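Structural characterization, general
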Amino acid sequence: MRDYEPYFTEDGSIGLYSYADKDVYHSKFGALTEAWEKFILPANLDNFDFENLKVLDVCYGIGYNTKNPLIYIGKARA
């Protein structure tokens, strides 16, 4: 038996269901939306110097909390 089951959320991103925890890792609204609302918006990234900004991900999940700031910074620099 697998430990996790992938599922698609409303924003089209993939979440994970944990059989061990009997819980989902992301809301039904979406992993990308959740990361954006919990981390990107509150961080006020427009106030940072993107040349020296560093992102630390402790690699517990599937990478959405790292993916969102990298996308945001890429768009801001374009």
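Heads up: these notes are all about the structure in this document. (Residues numbered from 1 in each chain as written. Predicted model: local features only at pLDDT ≥ 70, side-chain atom pairs only at ≥ 80, totals over all residues. Heavy atoms only, no water.)

1. Let's talk about the packing of aromatic side chains
Considering all chains together, one arrives at 3 aromatic pairs under this definition. Summarising the aromatic geometry, the rings of Tyr4 and Tyr25 are spaced 5.6 Å apart at their centres and angled 65 degrees between planes, so their arrangement reads as edge-to-face. Here the residue Tyr4 occupies a position in strand E1 (residues 4–8), and Tyr25 occupies one in the loop between strand E3 (23–24) and helix H1 (31–43), the gap between them amounting to 21 residues. Residue classification places Tyr25 among the partly exposed residues on the basis of a relative accessible area of 23%. Between Trp36 and Tyr72 the ring centres are 5.7 Å apart and the planes differ by 55 degrees, which places this aromatic pair in the tilted class. With Trp36 in helix H1 and Tyr72 in helix H2 (residues 64–77), this pair connects stretches of sequence that are 36 residues apart. Assessed through its relative accessible area of 30%, Trp36 is described here as partly exposed. (Phe/Tyr/Trp six-rings, centres within 6.5 Å; stacked < 30°, edge-to-face > 60°. Helix = DSSP H or I, 4+ residues; strand = E, 2+ residues; numbered from the N terminus. Buried < 20%, exposed > 50% of the residue type's maximum accessible area, 1.4 Å probe, protein only.)

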